[in-house]
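Secondary and tertiary structure notes
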Amino acid sequence: MSEQLKFIVEQLNREPFKKNFNLITFDSLEPMQLSQILNDVLAEIDPKQAIDIREEMPEQTVKRICALLGMLKYKPPGNLSDVSSFRQGLVTGSKPVIHPILHWLLQRVPELKKRAYLARFLVKLEVPADFLQDDIINDTYHQYEELVEGFKTYHKECEQLRTSGFSTAEIRRDISAMEEEKDQLIKRVERLKKRVESVSNHQRMLEQARQLRVEKEREEALTHQKQEQKNQLFQAEQRLLRSEQLLKDLRQAAADANPESLMKRLEEEIKINSYMVSEKLPKELEGMRRTVQFLQKVASEPAMGQADLQELEDKIKEADSQINQLIEKRMMRYDPMDDKLSLYRQQASIIARRKESKAEELQEAREELAAAEREMRQRTNQTQGSDGEEVIRGDEMKRLVAKLRSKGTVYKKKRQEIAELKADYGVVQRTEEILKQRHDAVQQKLQTMEAEKGISGYSDTQEELERVSAIKSELDEKKGRTLDDMSEMVKKLNSMIVEKKSALAPIIKELRSLRQQSQELGQEYEEKKAQYESCTAGLESNRSKLEQEVKALRDEMAQKENRYHYINTMSEILEMQIQRAAEEMKAYVSPDPQEKKKAIREVYMKNISEQELLGKKLREEQKTVRESHSANMEQVKMWRDLEQLMECKRQCFIRAKNRESIGQIIQEGGEDRLVLTIRAAHVQR
């Protein structure tokens, strides 16, 4: 409650009320003062409610306020649902009645203003049926209804225009920018024509260029036609494949068709349809009806505020807690031995859910099949020729093939054009930014000039006048003289326009002279700009030539430097080799044996002798291995035979150990003998 009062006081202290209340002063207001504050808030929403309630009877005040609140779809709190108590509270200025109304109104003032404005024209007059029997009254009432519908249409269009973001000033700026670009392009074309006229045979070259453009356009048309024929061929092939598949399916169905299978299939379809009609569809229909009833109930109720939503959420939480408590009590009382059919019930519920899911899948499949059949029929009707034949033959098929083949080329070309357009769009976007910057600079300069001349705000006033005149013309065209308020607004706007025009007439004359000066300066600027561009082009050409010469000289210098470093490196390598050769010759000729040993020739000779000795030793080992190879192989074979023999004995020993005692193996004189023993079996009869 304190939050509600705080919100009401904050809103009343703001524009347009400016009451300068605090919580204590507001809470201590008299009932009459509180009712007057409520009336002031309603007057802000609907100006017709601006009345001093002391000059009005209480019954009339309550009737007027209740009518407006009903039109605004106000819903009293739950404890004030009784109409008589609510009216009594309004009469007596009761705080529990007026405070919620103020809180609800101040939360949504703009929305309620719009609703009150529309209600003045959209709430239809109640005319008794007896009066409508008169033809004149009936015709007048029909005209009234048509005007209401027209008002709805015009209001929607007006809201769309307000939210669309279009501005006449922006459109004018765009038009002026495009006109400037057009003038620049015309001047550029004239300059190019002057340059071309100096070239010999320029008329012949222009004619050839024109012919080239025509041939390119013709080539594009032929390519497009070729691609279209390719597409037609592809479609024809797809239709042929579908027809072949359909024919194959029909043949299979005809081959499998016998009376028993047909009867079985029909019985299954009858069962499915009976289930859909008797169980599934009635449930869905009943659910949809409940949903519609609930939505109608919600739509008939007035708009709900935050307090109503919070109350509903509290009720939902309370109901959820009660449900949880009931479930817990049921689980505590539940005894598995008492309910022997629980397993069967679970199985039945699972089967029912599966049945419902399969029925839904069947319904979706049927809907998809019906949609596919409708689409197939539409495609078939579209592809049928004027003579009713569906298959294209002869020359038409050839053209279709060529058209289909041309589609790929056209697609590639269009994609390339899209890439070029994107690049052009980037350039245009950059140009737009530059033009906007220039426009801002010009606008700022214009404002400065206006301030110097003592006419600051002229351009804004001019745009405002144009906008107001545009709004006036639109409202005059749409609403006309059907609404009294609109006619008053038009009169006010006309008077304002006349006053503004009379006040701005001398300023406009001065502005025309300034515009002429601006045009002259613009022309002079264009001439200076052309001279600057020609001079810049000459300097750029000279600079490019000098840069090429410098680049060539730098390349030549780099090559010479590389050659110089290469020759120096080779000379150093040769000097090192000559030095090594001199040292080798000195060591080889020297009489000192230690010096001779340091020579490379002596080192190599020593290595050669060592390798020869090693090779001789390896050859002797190879000879020894070859001589003993056969004997070694026989020895390896004997060892393998011995290993097999030992493995065989091991296996025999394992078998003898696992076998029952039916005999003994006796070894005598290096031989093995098996002695069998027979056990006597005593049988009792």
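Residues numbered from 1 in each chain as written. Predicted model: local features only at pLDDT ≥ 70, side-chain atom pairs only at ≥ 80, totals over all residues. Heavy atoms only, no water.

**Observations regarding the overall build of the protein**
Spelled out, the test is: A run of H or I in DSSP becomes a helix once it reaches four residues, and a run of E becomes a strand once it reaches two; helices and strands are each numbered from the N terminus. Note on exposure labels: buried denotes an accessible area under 20% of the residue type's maximum, exposed denotes more than 50%, and partly exposed covers the range between, all computed with a 1.4 Å probe on protein chains only. It only takes one pair of heavy atoms within 4.5 Å for two residues to be counted as in contact.
Of the regular secondary structure elements, the protein holds 19 helices and 2 strands. Relative to its 685 residues, the protein shows a buried fraction of 15%. Long-range pairs, those at least 24 residues apart, make up 64% of the contacts in the protein with a sequence separation of at least 6.

**Regarding the confidence of the model for the protein**
The line we're drawing: A residue's pLDDT is the predictor's confidence in that residue, given on a scale from 0 to 100.
Chain-level pLDDT for the protein is 77 on average; 81% of the residues reach the 70-or-more range. A low-confidence stretch, residues 385-391 (pLDDT under 50), is modelled with 5 contacts involving residues beyond four sequence positions or located in other chains. Contacts from residues 676-685, a stretch scored under 50 in pLDDT, to residues over four places away or in other chains number 5 contacts.

**Looking at the environment of proline 282**
By the element assignment, proline 282 lies in helix α11 (residues 259-300). Take proline 282: its relative accessible area is 36%, and that puts it in the partly exposed class. Residues contacting proline 282, with those up to four places away along its chain left out, are Met276 and Val277.

**Some thoughts on helix α6 (residues 95-107)**
Operational definition: The length a helix should cover is 1.5 Å for every residue beyond the first.
Between the first and last C-alpha of α6 there are 18 Å, a value that for 13 residues agrees with the 18 Å anticipated at 1.5 Å per step. For α6, a buried count of 10 out of 13 residues is recorded, marking the element as mostly surrounded by other parts of the structure. Every buried residue belonging to α6 is among Val97, Ile98, His99, Pro100, Ile101, Leu102, His103, Trp104, Leu105 and Leu106, and all of these are buried.

**Looking at the pattern of salt bridges**
For clarity, the threshold we go by: A pairing counts as a salt bridge when a side-chain nitrogen of Lys or Arg comes within 4 Å of a carboxyl oxygen of Asp or Glu.
Enumeration according to the criterion identifies 11 salt bridges in this entry. Between glutamate 149 and lysine 152 there is a salt bridge, and its shortest N-O distance comes to 3.6 Å. In this pair, glutamate 149 and lysine 152 both sit in helix α8 (residues 135-164), 3 residues apart, roughly one turn of the helix. Residue arginine 290 is joined to glutamate 286 by a salt bridge in which the shortest nitrogen-to-oxygen separation is 4.0 Å. With arginine 290 and glutamate 286 both in helix α11 and 4 residues apart, the pair spans about one turn of that helix. The exposure class of glutamate 286 is partly exposed, given its relative accessible area of 37%. Linked by salt bridges that have partners in common, Glu540, Arg543 and Glu547 make up one network.

**Here we look at a nonpolar patch on the surface**
Put simply, the rule is: Like charges within 9 Å and nonpolar side chains (Val, Leu, Ile, Met, Phe, Trp, Tyr) within 5 Å are joined into patches, using only residues over 30% in relative accessible area that form no salt bridge. The method behind every accessible area is Shrake-Rupley, applied with a 1.4 Å probe, and residues are considered shielded solely by the protein chains displayed.
On the surface, Ile600, Val603, Tyr604, Met605 and Ile608 cluster together into a nonpolar patch covering about 470 Å² of accessible area. With respect to the element layout, tyrosine 604 can be found in helix α18 (residues 600-627).

**Description of the side chain of threonine 61**
Locating threonine 61 in the fold gives a position in helix α4 (residues 58-71). Using a relative accessible area of 10% as the deciding quantity, one classes threonine 61 as buried. If sequence neighbours within four positions are ignored, threonine 61 has contacts with Ile53 and Glu56.

**Points about the nonpolar core**
Note the threshold: Think of a nonpolar core as a cluster: buried Ala, Val, Leu, Ile, Met, Phe, Trp, Tyr and Cys residues, connected wherever their side-chain atoms sit within 4.5 Å.
Core analysis: the largest hydrophobic core is formed by 33 residues, its most contacted members being Leu12, Phe26, Leu38, Leu90, Ile101, Leu102 and Leu105. Every element with two or more residues in this core is listed here: α1 (2-13), α3 (31-45), α4, α5 (83-92), α6 and α7 (109-122). If you tally residues by element for this core, the top one is α6, at 7 residues. Apart from residues no more than four positions distant in its own chain, leucine 102 is found in contact with Ile8, Phe26, Leu34, Ile37, Leu38 and Val41.

**Focus on a positive patch on the surface**
Note the cut-off: All tallies of charge rest on Lys and Arg as positive and Asp and Glu as negative; His and the ends of each chain are not included. For this purpose, a charge sits on NZ of Lys, CZ of Arg, CG of Asp or CD of Glu.
A surface patch of positive charge is lined by Lys187, Arg188, Arg191, Lys194 and Arg195. With respect to the helices and strands, arginine 195 occurs in helix α9 (residues 168-197).

**Structural notes on the environment of alanine 43**
Residue placement: alanine 43 occurs in helix α3. Not counting residues within four places of it along the chain, the set of residues in contact with alanine 43 comprises Gln49 and Ala50.

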